[in-house]
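Observations on the three-dimensional arrangement
Each chain, letter by letter, is given below.
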Amino acid sequence: MKRGLSQVVSIMLLIVLGIVIIGGLFIWQSGFLEILQKDAAMKKLCSTLEFRADGLCYKTLTSPPFNGGAETLFTVLEFNAINDGGPTIIEFLLILTDKSGNSATYSILSEKKISAQQGDKFTTDEVFNIEAIDKISIIPKINFNDKSILCEERKKVFDNDGVESC
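Since the structure is predicted, the reported quantities are computational estimates derived from the model, not experimental observations. (Residues numbered from 1 in each chain as written. Predicted model: local features only at pLDDT ≥ 70, side-chain atom pairs only at ≥ 80, totals over all residues. Heavy atoms only, no water.)

**Focus on the pairing of strand β1 (residues 50-63)**
Two faces belong to every sheet, and in a regular strand the side chains alternate between them. Formally: When DSSP finds two or more bridges between a pair of strands, those strands are recorded as paired. In this text, helices come from DSSP runs of H or I with a minimum length of four residues, and strands from runs of E with a minimum of two, each type numbered from the N-terminal end.
Sheet topology places β1 next to strand β2 (residues 72-85); twelve bridges connect them, and they run antiparallel. Looking at the pairing, T60 lines up with T75 of β2. Both β1 and strand β9 (residues 164-165) contribute to a ladder of two bridges, which runs parallel. Bridge pairing links Y58 to S165 in β9.

**Details of the pattern of salt bridges**
So the rule is basically this: Counted as salt bridges are all cases of a side-chain nitrogen of Lys or Arg within 4 Å of a carboxyl oxygen of Asp or Glu.
By the definition in use, this model includes six salt bridges. The residue E78 makes a salt bridge to K121 at a minimum N-O spacing of 3.9 Å. In this pair, E78 is assigned in strand β2 and K121 in strand β5 (residues 118-123), connecting sequence segments 43 residues apart. One connected set of salt bridges, linked through shared partners, spans K59, E78 and K121.

**Section: the sheet that holds β9**
Spatial strand order, β5-β2-β1-β9: four strands in an open sheet with mixed pairing. A single partner strand is all that each edge strand has here, and the edge strands are β5 and β9. Note: β2 against β5, six bridges, orientation antiparallel. Bridging from a neighbouring strand, I82 pairs with G119 of β5.

**Examining the nonpolar core**
Note the threshold: Only buried residues count toward a nonpolar core, which is a set of Ala, Val, Leu, Ile, Met, Phe, Trp, Tyr and Cys residues joined through side-chain atoms within 4.5 Å. A simple rule labels every residue: compare its accessible area, found with a 1.4 Å probe on the protein chains alone, to the largest value its type can have, and call it buried under 20%, exposed over 50%, or partly exposed in between. By the convention used here, residues are in contact when the closest approach between their heavy atoms is within 4.5 Å.
Core analysis: the largest hydrophobic core is formed by 26 residues, its most contacted members being L77, F79, F92, L94 and I136. Counting only elements with at least two residues in this core, the list comes to α1 (7-47), β1, β2, β3 (89-98), β4 (103-114) and β6 (133-144). For L77, the contacting residues outside a window of four places in its chain are C57, Y58, L94, L96, F122, T123, T124, V127, I130, I136 and V163.

**Structural notes on the packing of aromatic side chains**
Cut-off, in case you're wondering: In this analysis, rings of Phe, Tyr and Trp, with Trp reduced to its six-membered ring, are considered paired at centre separations within 6.5 Å, and the interplanar angle assigns stacked below 30 degrees, edge-to-face beyond 60, and tilted for intermediate values. We count a charge as sitting over a ring when the NZ of a lysine or the CZ of an arginine lies within 6 Å of the ring centre and within 35 degrees of the ring normal.
One pass over the structure, following the stated rule, counts four aromatic pairs. Where F79 meets F92, the ring centres are 5.6 Å apart and the plane angle is 90°; that geometry is what we call edge-to-face. Of the two residues, F79 sits in strand β2 while F92 sits in strand β3, which places them 13 residues apart along the sequence. Neither residue differs from the other here; F79 and F92 are each classed as buried. Ring centres of F79 and F122 lie 5.4 Å apart, and the angle between their planes is 25°; this geometry places the pair in the stacked category. Of this pair, F79 sits in strand β2 while F122 sits in strand β5; the two residues are 43 residues apart in sequence, bridging distant segments of the chain. What makes F122 buried here is its relative accessible area of 3%. Site record: aromatic cluster; members linked through ring pairs are F51, F79, F92 and F122. The aromatic ring of F51 is capped on one face by K156, whose charged end is 5.2 Å from the ring centroid.

**Quick notes on unusual backbone geometry**
Phi at Q117 is positive, roughly 65°, even though this residue is not glycine. Positionally, Q117 belongs in the loop between β4 and β5.

**A word on the side chain of E78**
E78 sits in the buried class, given a relative accessible area of 9%. Setting aside chain neighbours within four positions, we find E78 in contact with G55, L56, C57, K59, K121, F122, T123 and C166.

Such coordinate-based values are descriptive only and should not be taken to indicate function.
Take a look at the structure:
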C-alpha cells in the first residue's frame, strides 16, 4: 500500500504557494510603480520649465604667467539664460559636439539659483579647439526632492556657425 499526501493537504499547499507568488508579484510591482510615478513627476516638472538661452559667444582670454613662464591664451564660452517660468534652475550642462560626433561635457553651476522670471550670464571653463565644434547644447538642471534632474527635453541647441566672438 502506497502512502502520499492527502488531496486536502496537496490543495492547501498549492493555495499557499499561489498566495506567496501573488504576494511577491504585488511587492515587486509596487516598487516598479513607485519608480514610474517618480519618473512621471520629474518629466512633468521638466515640462513646466520654460527657459531661453541667447547671446552665445566665445571669448579668448589671457592667463597670467606662471612661475616666470609666458602668458597663455584660452577660450571660454558665454551665454545668457533666462528662466521664463517653472522650477528653479540650479545648473547647466553644456555638450560640445564636433563634426565627427565626439563630444565634451561641461557642468556650469550657477552662482545663484535662477528662479522664474530671472536670468544670469554664464561662462564655461576653458574650451579646447573652438573651431572644431559643430553643435553646442545647453541643458538645464532643476532640483526635485533634493535630487538634481537634467531636463534634456528642454535643451537648446546652437550651430557653431552662429557663434561669434563676444
